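The primary structure of each chain is shown beneath.
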Amino acid sequence: MKKEPKQKDDTVTVSTTYDIMCWVDSTLMHREEFRVCESCTKQPKFIHLEKSKDVFMSGLVSMTVDLDRDVFYIGETFSIKVKVDNQSRKNVDNLKVKLIGIASVQIAEKRRVAMYEEYRTEYEGVNKRSCDERLLTFTIAPNIWPSSRGKVSSYQYQLHVVADLKQAFPIEFCMDITITIPKAMKLEKR
């Protein structure tokens, strides 16, 4: 952790600083320092998403997702409000919430991006010809690294809320979120 000098309003910015080095064939190609701020400077925003889908001529499935903010702390548990109006003749098998990590590295003109699922939580589905509104509880695991953004590398997150349908493509929402460090937390190596 690194403390920055006091600013005019007597606040101190505490941050985790990474020293990134890129080596190619035993030659140091690039070195950069980038910082992850503990007190997130991003203003949290409310997310409301809606989507409807005709399920192979068996009826319409509509889904609404509300997230009260898009900034979360490591280890935090929060709720996602989901409403599924299933007017089809097929059941929604289950609902899922997935945390997706997106790692990005850029050297000179080349950029590589890798997306992978950190973990998921599954919930009970919705019966055919019914409407269900519920709160899905999800926890940001304590071993997750905070979001970061640098010139050479960055690590961002998306929250995916999915309704799985039998013999049809799922209804899926992808929301960009920021994960930050609670004030009293120390990061440990994975």
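Residues numbered from 1 in each chain as written. Predicted model: local features only at pLDDT ≥ 70, side-chain atom pairs only at ≥ 80, totals over all residues. Heavy atoms only, no water.

## Observations concerning the nonpolar core
Argument step 1. Counting residues in hydrophobic clusters, the biggest one holds 35 residues, and the most contacted among them are Met63, Leu67, Ile80, Val82, Phe138, Leu159 and Ile177.
Argument step 2. Elements represented by at least two residues in this core include exactly β5 (60–67), β7 (77–86), β8 (92–107), β9 (110–126), β10 (130–139), β12 (153–165) and β13 (171–180).
Argument step 3. The element contributing the most residues to this core is β12, with six residues.
Argument step 4. Among residues more than four places away in sequence, those in contact with Phe138 are Glu76, Thr77, Phe78, Ile80, Val97, Leu99, Tyr119, Thr121, Tyr123 and Leu159. (Core = buried A, V, L, I, M, F, W, Y, C linked by side-chain atoms within 4.5 Å. Buried < 20%, exposed > 50% of the residue type's maximum accessible area, 1.4 Å probe, protein only. Helix = DSSP H or I, 4+ residues; strand = E, 2+ residues; numbered from the N terminus. Contact = heavy atoms within 4.5 Å.)

## What to know about the environment of Tyr119
Argument step 1. Inspection of the secondary structure puts Tyr119 in strand β9.
Argument step 2. One polar contact links the side chain of Tyr119 to the main-chain amide nitrogen of Ala141, over a distance of 2.8 Å. (Polar contact = N/O pair within 3.5 Å; in protein donor to acceptor, adjacent residues only side chain to side chain.)

## Things to note about a nonpolar patch on the surface
Argument step 1. Nonpolar side chains collect at one region of the surface, where Met21, Trp23 and Leu28 lie side by side and expose about 310 Å² of accessible area between them.
Argument step 2. Mapping Met21 onto the fold places it in strand β2 (residues 14–24).
Argument step 3. Classification of Met21 as partly exposed rests on a relative accessible area of 39%. (Patch = residues over 30% accessible without salt bridge, like charges linked within 9 Å, V, L, I, M, F, W, Y side chains within 5 Å. Areas by Shrake-Rupley, 256 points an atom, 1.4 Å probe, with all protein chains shown as cover. Salt bridge = Lys/Arg side-chain N within 4 Å of Asp/Glu carboxyl O.)

## Brief notes about the sheet that holds β5
Argument step 1. Spatially, four strands are ordered β4-β5-β7-β10 in an open sheet, and the strand pairing comes out antiparallel. The open sheet is flanked by β4 (47–54) and β10, the only strands paired with a single partner. Strand after strand, the sheet turns through a mean of 15 degrees between neighbouring axes, direction not considered.
Argument step 2. Bridge count for β7 against β10 is 10 bridges, and the pairing is antiparallel. Considered in β10, the bridge of Val84 is made with Asp132. (Pairing = 2+ DSSP bridges. Axes fitted to C-alpha atoms, helices over the stretch in contact; angles between N-to-C directions.)

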